[in-house]
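Observations on chain architecture
So the chains spell out like this:
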Amino acid sequence: MLDVDSNRQTMRLRIGGAWTAAADGAETEVVDPATGEPIGTVANADVADGLQAVAAAAEAQPGWAATAPRERGEVLRRAYELLVTERDAFADLIVRENGKPLAEARGELGQAAEFLRWFSEEAVRIDGQLSVSPGGDKRILVSHKPVGVSLCITPWNFPAAMITRKLAPALAAGCTTILKPAPETPFTAFAIVELLERAGIPDGVINVVPSDRPAAMVTEMLAHPAVRKLSFTGSTETGRALLAASAQHVINPSMELGGNAPFILFEDAALDAAVDAAVITKMRNNGQSCTAANRFYVAEQVAEEFTARLAQAVSTMPLGSGFEDGVQLGPLITTAARDKVGSLTQAAVDTGAAVRTGGSAADRPGYFFLPTVLGGLAVDDDILGQEIFGPVAPVVPFGDFDEVLPAINGVEHGLVAYVYTGDLARGLRVSESLETGMVGLNQALVAEPAAPFGGVKQSGLGREGGHHGIQEFLEPLYIATNW
Ligand code: ADP
């Protein structure tokens, strides 16, 4: 295991299998969001470093593409086993730089490891096709090649799983990579990469360039002819800018962007289970997840009881450092994140929302916000159109579902929705009427390495996980022939 304590003061860039400082010597500070105190520094890459990383990945590309699929799969399998064995050390690291409770960090690592296992199995299932053309004049031979050097940009909210979800399929497909992790959580990224190298990934196949000034660096990397793929997870706003930059060089993009998940509760649902699910879908990772339930539409017969029970449940969730026993809610990631949640909440209150619990930042060091439930909202209130990314649950009662459906679908995002009902046929009908890429039907957690994760509309392009995940890093080669 990477000795994070001794390395975290001096952590550098990883390029071509060597540790190196940023070309201009720049570093950034990493902060513990539970205290606001610095926990270390990390090299801060710029254009020259990014281009050096591209050159290293380009040099390693032919060798990695030519490595037997079984061998690529076995490296990933070994990485899976190492991560399972070393889970606790990784969990400590995630809590330190991201702030989430230790149990959630362990849960994330379970999923991060499963991406390695799933794609270790996918590496040897890259298939093709042989057929006769309809006219009978030729054979159609289709095989799949790695798309090539892949730039993977990841966020801070799941500092391990967002990385394995991209690197594992890229590596399984035979692509070399440059990872640009979030500046808030670089240490987990380095630890994951170091683990993959111990499992047998050759030098130059994964390169890491953390940066808090990524715009110019990424633009220049996308302009390099060796880069053929961009896989991005982050905000819709950054995704739009990166799509525009990719378009200049016709780079193949995969985009996992923002969400605005509705949680729809019908009067025939089991209320206990629905309240538990509401707490999970809203409060996991403190609401800092693109799949977080962002707005609760509740049948008017049960709206008051649901709101009261949800407020009661979240108001007793212990808040604190992720290392403390029993803590269920950590801090938000930065002061800016906490202040944004505060101003969205205040704006809702100013236009008539009722605070049922919480409603403000917590009075303690670090970036804590009280778990909050808001009632008294109308379907057209502003907060319902915004991705809150924090522990705030606005509840909207509805009478006729068909009347509220246009408002539910009338947002720019379309990642996931949650539907709770005791009538499975109704649940399936409603699921099909929602404009999202995923639905949790009486199910709070949808993310699953064996399933295609992704959204429609401005929530993104492409899918991660399942059989779709590896396809994002492959390109078909069609050979027309005859014999
Ligand atoms: P968030 O608001 O959740 O941090 P961002 O979209 O800003 O979401 O960040 C997600 C990732 O994208 C991070 O690694 C971040 O450093 C990176 N990023 C942010 N802006 C840019 C940009 N203009 N070009 C490339 N990467 C960027």
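Before reading on, note that the structure itself is shown above.
Summary of the structure given here. Just so you know, these numbers come straight off a predicted model, no measurement behind them. (Residues numbered from 1 in each chain as written. Predicted model: local features only at pLDDT ≥ 70, side-chain atom pairs only at ≥ 80, totals over all residues. Heavy atoms only, no water.)

It is worth spelling out the site of the ligand at this point. With respect to spatial proximity, 16 residues lie near the ligand, and among them Thr 154, Trp 156, Lys 180, Ser 235 and Thr 238 are the closest. The backbone of Thr 154 places a nitrogen or oxygen atom 2.8 Å from an oxygen atom of the ligand. Trp 156 is positioned with one of its side-chain polar atoms (N or O) 3.1 Å from an oxygen atom of the ligand. Coverage of the ligand by the protein amounts to 75% of the 550 Å² it exposes when considered alone. Elements supplying a minimum of two residues to the shell around the ligand: helix H8 (214–223), strand E10 (227–233) and helix H9 (236–248). A per-element tally of the shell around the ligand places H8 first, with 3 residues. In the shell around the ligand, the residues fall into 10 nonpolar, 5 polar and 1 charged. (Near = heavy atom within 4 Å. Polar contact = N/O pair within 3.5 Å; in protein donor to acceptor, adjacent residues only side chain to side chain. Areas by Shrake-Rupley, 256 points an atom, 1.4 Å probe, with all protein chains shown as cover. Helix = DSSP H or I, 4+ residues; strand = E, 2+ residues; numbered from the N terminus. Nonpolar A, V, L, I, M, F, W, Y, C, P; charged D, E, K, R; others polar.)

Glancing now at the environment of Leu 310. Its location among the elements puts Leu 310 in helix H11 (residues 300–315). Looking at Leu 310, the relative accessible area reads 2%, which means it is buried. Considering only alpha carbons, one finds Leu 310 and Asp 272, 38 residues apart in sequence, at a separation of 10.0 Å. When residues no more than four places from it in sequence are discounted, the contact partners of Leu 310 are Val 275, Ala 278, Val 279, Val 373 and Ala 393. (Buried < 20%, exposed > 50% of the residue type's maximum accessible area, 1.4 Å probe, protein only. Contact = heavy atoms within 4.5 Å.)

Mapped onto the secondary structure, Lys 282 falls in helix H10 (residues 271–283). Lacking a salt bridge, the buried Lys 282 has Glu 387 as its closest oppositely charged neighbour, with an N-O distance of 9.2 Å. Sequence-distant contacts of Lys 282, defined by excluding residues within four places in its chain, comprise Gly 287, Ala 293, Asn 294, Phe 296, Gly 390, Pro 391, Val 392 and Ala 393. (Lys, Arg positive; Asp, Glu negative; His and termini not counted. Salt bridge = Lys/Arg side-chain N within 4 Å of Asp/Glu carboxyl O.)

Using the criterion set out here, one finds 10 aromatic pairs in the structure. Ring geometry for Phe 263 and Phe 296: centres 5.0 Å apart, planes at 35 degrees, overall tilted. Here the residue Phe 263 occupies a position in strand E12 (residues 261–265), and Phe 296 occupies one in strand E13 (residues 293–299), the gap between them amounting to 33 residues. Across the pair, Phe 296 and Phe 263 agree in class, each one buried. Taking the centre distance of 6.0 Å and the plane angle of 35 degrees together, the rings of Phe 296 and Phe 306 count as tilted. With a gap of 10 residues between them, Phe 296 in strand E13 and Phe 306 in helix H11 connect regions that are remote in the sequence. Both residues of the pair, Phe 296 and Phe 306, belong to the buried class. Cluster of aromatic residues (ring-pair linked, three or more members): Phe 263, Phe 296, Phe 306, Tyr 418 and Tyr 420. Sitting over the ring of Phe 453, Arg 165 keeps its end group 4.1 Å from the ring centre. Between Arg 364 and the ring centre of Phe 368, over which it is positioned, the NZ or CZ distance is 4.4 Å. (Phe/Tyr/Trp six-rings, centres within 6.5 Å; stacked < 30°, edge-to-face > 60°. Lys NZ or Arg CZ within 6 Å of the ring centre and 35° of its normal.)

Read from one edge of the open sheet, 7 strands run E14-E15-E16-E13-E12-E18-E19, paired in mixed fashion. In this open sheet, the two edge strands, each paired with only one partner strand, are strand E14 (354–357) and strand E19 (438–441). Averaged over all adjacent pairs, the angle separating strand axes in this sheet is 25 degrees, with direction ignored. Here H10 sits on the sheet and contacts E12, E13, strand E15 (372–375), strand E16 (392–398) and strand E18 (416–420); the angle it forms with E12, its principal contact strand, is near 170 degrees. (Pairing = 2+ DSSP bridges. Axes fitted to C-alpha atoms, helices over the stretch in contact; angles between N-to-C directions.)

Hydrogen bonds along the backbone pair up the strands of a sheet, which may run parallel or antiparallel. The strand order E5-E6-E22 describes an open sheet built from 3 strands, whose pairing is antiparallel. What marks the edges here is a single partner per strand, and that holds for strand E5 (129–132) and strand E22 (474–481). Across the sheet, the axes of successive neighbouring strands diverge by a mean angle of 25 degrees, strand direction being ignored. Summarising the sheet, E5 and strand E6 (residues 139–146) pair through 4 bridges and their orientation is antiparallel. Bridge pairing in E6 links Gln 129 to Val 142.

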